[in-house]
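# Per-entry structural report
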Amino acid sequence: AQKVTQAQTEISVVEKEDVTLDCVYETRDTTYYLFWYKQPPSGELVFLIRRNSFDEQNEISGRYSWNFQKSTSSFNFTITASQVVDSAVYFCALILQGAQKLVFGQGTRLTINP
Amino acid sequence: GAVVSQHPSRVICKSGTSVKIECRSLDFQATTMFWYRQFPKQSLMLMATSNEGSKATYEQGVEKDKFLINHASLTLSTLTVTSAHPEDSSFYICSAGQGGDFTQYFGPGTRLTVL
């Protein structure tokens, strides 16, 4: 069975600090996709990134970066120079090739204090 | 692109009434839509998978007669909470998939309060 673990339930940092959100996944399949979603206080889930299991290149998008390491089954998310608007719950998720169900982690509540 | 809307965003109803929530994919055709429920400070719990033109597939423990799902077109799925009770109060979120890339795009959610 597939599983996604976000061990950090809550993180609180001061604005401008860098912060890394951890995501560890479990699957025996070789083809899968990993996702990060942001859920701000308003409630909607915002798609941030999708990664397939054959692409281990790190990705950077502005202040956001993602580190995918199959050797440790991790897909960590780093926000550099954090801002108050980054405050949200962040979910990591996994889906297998050919499947329909997203397997979500428990989420990490990130609070950026001014 | 890939915008999903939900209506209503918030609803308050009396116990025993039925509530319909609509989920629309605005700029793409969604062969599959998903309905989730989220309790405060918890992750999303998949309730059912809805494929256009066929019956929804419900997750274990979800009452199909309680939560009626209809996916009549490639852009619209509805969730009807029948005979709602206070324990049905929750945040309901839908998502839609475009097909090949496995990405689900989520609606803004509907907060249901049953008095």
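Further up the page is the structure itself.
Since the model is a prediction, treat every value here as computed from it, not as a measurement. (Residues numbered from 1 in each chain as written. Chains lettered and ligands numbered in written order. Predicted model: local features only at pLDDT ≥ 70, side-chain atom pairs only at ≥ 80, totals over all residues. Heavy atoms only, no water.)

### Section: the overall build of chain A
Definition in use: Helical segments are the DSSP runs of H or I of at least four residues, strand segments are the runs of E of at least two, and each set is numbered from the N terminus. Atoms considered for the radius of gyration are the C-alpha atoms alone. The globule rule reads 2.2 Å times the number of residues to the power 0.38. Each residue's exposure class comes from its accessible area (1.4 Å probe, protein chains only) as a fraction of the maximum for that residue type: buried when under 20%, exposed when over 50%, partly exposed otherwise. Any two residues whose heavy atoms approach within 4.5 Å are treated as being in contact.
Of regular secondary structure, chain A possesses 0 helices and 12 strands. Put simply, chain A runs from its N terminus to its C terminus through helices and strands in the order β-β-β-β-β-β-β-β-β-β-β-β. Against the 2.2 N^0.38 benchmark of 13 Å for 114 residues, chain A shows a C-alpha radius of gyration of 14 Å, consistent with a compact globule. Overall size of chain A, expressed as C-alpha extent along the three principal axes, is 45 × 25 × 20 Å. By residue count, 45% of the 114 residues in chain A fall in the buried class. Summarising the internal contacts of chain A: among those between residues at least 6 apart in sequence, 55% fall at separations of at least 24.

### As for the state of the cysteines
Linking two cysteines covalently through their sulfur atoms gives a disulfide. The criterion, for reference: We call a pair of cysteine sulfur atoms a disulfide whenever their separation is within 2.5 Å.
Under the defined criterion, the tally for this structure stands at 2 disulfides over all chains. Two residues, Cys23(A) and Cys92(A), share a disulfide whose sulfurs are 1.9 Å apart. The sign of the -65° torsion about the S-S bond sets the Cys23(A)-Cys92(A) disulfide as left-handed. One end of the pair, Cys23(A), is in the loop between β3 (19-21) and β4 (24-26); the other, Cys92(A), is in strand β10 (residues 88-96), with 69 residues separating them in the sequence. The burial state of Cys23(A) is the same as that of Cys92(A); both residues are buried. The partner cysteine of Cys23(B) in its disulfide is Cys94(B), sulfur to sulfur 2.0 Å. Judged by the sign of its S-S torsion, about 80°, the cystine formed by Cys23(B) and Cys94(B) is right-handed. On the criterion of sequence distance, the pair formed by Cys23(B) in strand β3 (residues 19-25) and Cys94(B) in strand β9 (residues 90-97) is long-range, its members being 71 residues apart. Take Cys23(B): its relative accessible area is 0%, and that puts it in the buried class. On the accessibility criterion, Cys94(B) (0% relative accessible area) is buried.

### Structural notes on the nonpolar core
Quick reminder of the rule: Residue types Ala, Val, Leu, Ile, Met, Phe, Trp, Tyr and Cys, when buried and joined through side-chain atoms within 4.5 Å, form a set referred to as a nonpolar core.
One finds Val4(B), Phe28(B), Trp35(B), Phe67(B), Leu79(B), Tyr92(B) and Leu112(B) to be the most contacted residues of the largest nonpolar core, which totals 26 residues. Secondary-structure elements contributing two or more residues to this core are β2 (10-13), β3, β4 (32-38), β5 (44-51), β7 (67-73), β8 (76-81), β9 and β11 (110-114) of chain B. One finds Val13(A), Tyr32(A), Leu34(A) and Tyr90(A) within the second-largest nonpolar core, a separate group that totals 24 residues.

### Considerations on the layout of surface pockets
It is the rolling of a water-molecule-sized probe over the atoms that shows where space remains empty. Applied cut-off: Points on a 1 Å grid, built from protein atoms alone, make a cavity when a 1.4 Å probe fits but cannot get out and make a pocket when they are open with protein on both sides within 12 Å along at least 5 of 7 lines; residues with an atom within 4 Å of a point are the lining residues. Grid points are joined across faces, edges and corners, and a volume is the space filled by probe spheres set on the points. As a working rule, the residues Ala, Val, Leu, Ile, Met, Phe, Trp, Tyr, Cys and Pro are called nonpolar, Asp, Glu, Lys and Arg charged, and the rest polar, with Gly in that last group.
Roughly 460 Å³ of internal volume is contained in the largest pocket. Taken together, 24 residues form the lining of the largest pocket, with Gln39(A), Val89(A), Arg109(A), Gln38(B) and Lys41(B) sitting closest to its centre. Going through the elements one at a time, β10 and β12 (108-113) of chain A are the ones with two or more residues in the lining of the largest pocket. Among the residues making up the lining of the largest pocket, the classes are represented as 9 nonpolar, 11 polar and 4 charged. Taken together, 13 residues form the lining of the second largest pocket, with Lys101(A), Leu102(A), Val103(A), Leu46(B) and Glu59(B) sitting closest to its centre.

### Examining the interface of chain A and chain B
Put simply, the rule is: Buried area is understood as the total, over both parts, of accessible area removed when two parts are fitted together, assessed with a 1.4 Å probe. Salt bridges are identified by distance alone: a Lys or Arg side-chain nitrogen within 4 Å of an Asp or Glu carboxyl oxygen. Between N or O atoms, a polar contact is any pair within 3.5 Å; within protein, one atom must be a potential hydrogen donor and the other a potential acceptor, and residues adjacent in sequence are included only when both atoms are from side chains.
Facing 23 residues of chain A, the contacting portion of chain B comprises 22 residues. Buried area between chain A and chain B, both sides added, is near 1,700 Å², and the carbon and sulfur share of it is 57%. Run the count over chain A and chain B and you get 1 salt bridge. A salt bridge links Lys101(A) to Glu59(B); its shortest N-O distance comes to 3.0 Å. Seen at the junction of chain A and chain B, the total is 8 residue pairs in polar contact (both at pLDDT 80 or more). Sorting the residues of the side of chain A that touches chain B by element identifies β5 (32-39), β6 (46-52) and β10 of chain A as the ones contributing at least two each. Broken down by element, the residue count for the side of chain A that touches chain B peaks at 4 residues, all from β5(A). The class makeup of the residues in the side of chain A that touches chain B is 11 nonpolar, 8 polar and 4 charged.

### Quick look at the pattern of salt bridges
Evaluated as defined, the whole model comprises 6 salt bridges over all chains. Among the salt bridges present, the one from Arg63(A) reaches Asp86(A), with a minimum N-O distance of 2.8 Å. Separated by 23 residues along the polypeptide, Arg63(A) in the loop between β7 (59-61) and β8 (64-69) and Asp86(A) in the loop between β9 (74-79) and β10 bring together distant segments of the chain. A salt bridge links Arg24(B) to Glu22(B); the shortest N-O distance between them is 3.4 Å. Here the salt bridges do not stand alone but share partners, grouping Arg51(A), Asp55(A) and Glu59(A) into one network.

Purely geometric numbers; function is a separate question.
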